[in-house]
Amino acid sequence: MPQLAQRVGRAKPSAIMVIAEKARQLKAAGRDIISFSIGVPNFLPGEHVYAAAREALSHDSGQYGSNRGAEPLLDAFLKHIEALGFRGYGRMNLSIGIGAKQVLYNLAEALLDEGDEIAFAAPFWTTYRDIADIVGAKANILHCGPERNYKLVPAQLDAALARRPKVFLFNNPSNPTGMVYTREEIAALADVLADHPDTWIVTDDIYNSMVFDGIGYHNFVFARPELKDRLVFVDSLSKTYGMPGWRVGLMAGPEAVARAVTTLNSNHITSLPEVITAAAVAALAGPQDVPQAKCAEFAAKRDTVVAALAAIPGVVCPRPQGAFYAFPDISAAFGRRHGDTPIDSDVAFCAALLEAKGVACVPGSAFGEPRAMRISYTCPAAQLQPGLERIQAFFAELT
Ligand code: PLP
C-alpha cells in the first residue's frame, strides 16, 4: 500500500474524543455514566433560529454562495462585534468558516509557512497543537500552571515574542481552564504585543459571551487600537447560541488576512449553505435571551463545581470566570492507589475515576498540563452534584 502523507501521521486523534468514546461504550454496556468530558452546550438556539432556517428552506436557491459569507451574515456579525467593542471594521475585514475550528485551520494556512513558530499558552485547546503540527509549524508552548491561575504574564509573553514567532495565538475565556483575563491584564499584555510588530496575533475568543462576575470581555485591540493591523479575532456560534452542529465560525481582522481566508474558502469549502446562513443571521441579530440565560446558569454551576472541589483536601482549582470548564490540579492523588489501581498520572486518574465511579473527565495532559483534569459542566443540572460527589468519594477512597 502506498504511504499516507507525513502530515496525517503528525495529527493525533483528540484525547477528549477518546475519553468520550470510552464513556459511551460503558454507557452502552449499562453503566450509569456522568460525562464531564465533552465541551458541548446542553441547550438549543431559540425558536426564531429554527423559524429562520425553515423560511430559508422554503425559497432555497440550492446554489453556491459567497466564499467570504453572505452580506446579511457579514452585516449581522459586524453589529455583533461592534457591541463587543470592536471599532472600524467593515465587510472586507471579515470571513467565514465551517466553525471556528476551520477558521483557525485556514488562518494557520494563511499565516504560517512550514517551520515557522507559533506561540501559545498551556493549558491550551488541544486542536492548537494539532493544527500547528499539520501545517508543519513549530509550537512554542508557554506554560502557565495552576500556581499562576493558568494565566500568561507580560514578562513571559515578552520573552516568547523576542523569538519573533510568526503567530501568537491567544484564547480568552479559556478552554480548558475557564480563566478570563481582566481589562488590566489584557492591557498589560497588549503593551507587550505593541512592542513586537513582527508577530500576527490571533485571539480565539469563542466563549466571549460567557463571562461571569462582571469582568466583561476584553481584547488587546480595545487597549491598543494600533494592533488592529495584525490582530485577528475568531468567533463562533457553537457555544454562544447552542449551535455546535450548525458549524458557523467567523473572523474579523486585517483585509489581507480576510482575503486570504476567503481565497482558501474558495478552494476548501466554497461557502456556507443558505439555510445555515439564515439561521446564523437570526441567532446573531435576534433576541439574545438564550445566551444571557445560559451565562447566568453556567455561573451558578461554576459555584457548585468550585465549592465541591474546594472540599477535597489537596485539590486546587483556580476559580473559573467564564466558559463552562473547571481545571482542578489533582496531582495530590499521584503516587496513591484506588483499590489495586496505582494512580501515577492524570491519565491513570481519569481512567480509574471512569472505571470506578462512572465519571468521565479529560486528563490535563491533553491540554499540555499533566497535573490537572478538565471538568466540563454542561451536563444537566441534576447530574452535576452527584457527579461531583462521586469525585469526592473517589478521592476519599485513595490510599
Ligand atoms: N476554540 C476553542 C477554544 C474551542 O473550545 C472550540 C470548541 O470546542 C473551538 C475553537 C471550535 O469551535 P467550533 O465549534 O466553532 O469549530
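Residues numbered from 1 in each chain as written. Predicted model: local features only at pLDDT ≥ 70, side-chain atom pairs only at ≥ 80, totals over all residues.

Which residues make up the pairing of strand β3 (residues 117-122), and what are the values?
Counting buried residues in β3 gives five out of six residues, a clear majority hidden from the surface. Two elements, β3 and strand β4 (residues 138-143), share six bridges in a ladder whose sense is parallel. Paired with I118 across the bridge in β4 is A139. Between the parallel elements β3 and β4, the chain passes through helix α6 (residues 126-135) in a crossover that is right-handed. (Buried ≥ 20, exposed ≤ 12 C-beta atoms within 10 Å, placed from the backbone. Helix = DSSP H or I, 4+ residues; strand = E, 2+ residues; numbered from the N terminus. Pairing = 2+ DSSP bridges. Right-handed = clockwise from strand over helix to strand, strands pointing away.)

Please give an account of helix α10 (residues 255-268) that cites residues and values.
In a regular helix each residue adds 1.5 Å, so 14 residues correspond to 20 Å; α10 covers 20 Å between its end C-alpha atoms and thus fits that length. Looking only at α10, the buried set comprises V257, A258, V261, T262, L264 and N265. Across the axial projection of α10, the buried residues extend over an arc of 160 degrees, all falling on one side. Exposed residues lying more than 90 degrees from the buried face of α10 are A256 and N267. The elements touched by buried residues of α10 are β2 (94-97), α5 (99-111), β7 (231-236) and β8 (249-252). T270, located one to two residues past α10, shows a positive phi value of around 70 degrees. (Expected span 1.5 Å × (residues − 1). Arc of directions from axis to C-beta. Contact = placed C-beta atoms within 7 Å.)

Mind laying out the site of the ligand, listing which residues take part and the relevant values?
Around the ligand lies a shell of 13 residues, among which G99, A100, K101, S236 and S238 are the nearest. Per-element accounting of the shell around the ligand gives the leading share, three residues, to α5. Of the residues assigned to the shell around the ligand, the class counts are four nonpolar, seven polar and two charged. (Near = placed C-beta within 6 Å. Nonpolar A, V, L, I, M, F, W, Y, C, P; charged D, E, K, R; others polar.)

I'd like a description of the domain arrangement of the protein chain, backed by residues and values.
Partitioning the protein chain into domains gives domain 1 (6-44 + 290-396) and domain 2 (47-285). Distance between the C-alpha centres of domain 1 and domain 2: 26 Å. The interface of domain 1 with domain 2 comprises 37 residues on the first partner and 33 residues on the second. Counting only elements with at least two residues in the side of domain 1 that touches domain 2, the list comes to α1 (6-10), α2 (15-28), α12 (289-310) and β9 (325-326). Residue composition of the side of domain 1 that touches domain 2, grouped by class: 23 nonpolar, six polar and eight charged. (Domains from an automatic or database assignment.)

Account for the environment of Y207, with residues named and values stated.
Mapping Y207 onto the fold places it in the loop between β6 (200-204) and α9 (220-223). Judged by the 27 C-beta atoms lying within 10 Å of it, Y207 falls in the buried class. Considered as a pair, Y207 and D60 are 147 residues apart in the sequence and their alpha carbons are 31 Å apart. Excluding residues within four positions of it along the chain, Y207 makes contact with P173, N175, K239, G322 and A323.

So, the environment of G242: which residues are in play, and what are the values?
Looking at the secondary structure, you find G242 in the loop between β7 and β8. For the pair G242 and L44, spaced 198 residues apart in sequence, the C-alpha to C-alpha distance is 4.9 Å. If sequence neighbours within four positions are ignored, G242 has contacts with P41, F43, L44, P45 and V290.

Tell me about the nonpolar core, residues and numbers included.
Counting 126 residues, the largest nonpolar core has A108, M251 and A279 as its most contacted members. The two domains that each donate at least three residues to this core are domain 1 (6-44 + 290-396) and domain 2 (47-285). Leave out the neighbours within four places in its chain, and M251 touches L94, S95, V103, V232, F233, V234, A258 and V261. (Core = buried A, V, L, I, M, F, W, Y, C linked by C-beta atoms within 7 Å.)

Can you tell me about the UniProt feature "domain: Aminotransferase class I/classII large" (unreviewed entry) in the protein chain, naming the residues and giving the values?
Using the residue numbers shown here, the UniProt feature "domain: Aminotransferase class I/classII large" (unreviewed entry) corresponds to residues 32-391. Secondary structure content for residues 32-391 is 40% helix and 15% strand, and the end C-alpha separation is 14 Å. (UniProt positions renumbered as here; feature names shortened; annotations may be inferred.)

I'd like to hear about the packing of helix α13 (residues 346-357) against helix α14 (residues 381-396), residue by residue, with values.
Remark: α13 packs on α14, axes separated minimally by 11 Å, with the N-to-C direction vectors making an angle of 110 degrees. In this view, α13 runs roughly perpendicular relative to α14, as classed from their interaxial angle. The segment α13 lies against α14, with L353, A356 and K357 engaging R390, I391, A393 and F394. (Axes fitted to C-alpha atoms, helices over the stretch in contact; angles between N-to-C directions. Parallel < 35°, antiparallel > 145°, perpendicular 65-115°, else oblique.)

Any chance you could break down the sheet that holds β6 for me, citing the residues and the numbers?
Taken together, seven strands build an open sheet; the order of strands is β2-β8-β7-β6-β5-β3-β4 and the sheet is mixed. What marks the edges here is a single partner per strand, and that holds for β2 and β4. Going from strand to strand, the sheet's axes swing by 20 degrees on average, the running direction of each strand aside. Here β3 runs beside strand β5 (residues 167-171); their pairing, made up of three bridges, is parallel. Following the sheet pairing, A119 is matched in β5 by F168.

How would you summarise the pairing of β8 if you had to cite specific residues and measurements?
Both faces of β8 are covered, namely the face carrying G249 and M251 and the face carrying L250 and A252. Pairing of β2 with β8, which is carried by four bridges, proceeds in the antiparallel orientation. Directly across from S95, in β8, lies its bridge partner M251. Where β7 and β8 come together, four bridges link them in antiparallel fashion. What sits directly across from V234, in β8, is M251.

Before we move on, can you summarise the sheet that holds strand β14 (residues 373-376) with the specific residues and values?
Taken in spatial order, the three strands line up as β9-β14-β13 in an open sheet, and their pairing is antiparallel. Each edge of the sheet is formed by a strand with only one pairing partner; in this case those strands are β9 and β13 (362-363). Relative to β14, β13 runs antiparallel, the two sharing two bridges. Bridge pairing in β14 links V362 to R374.

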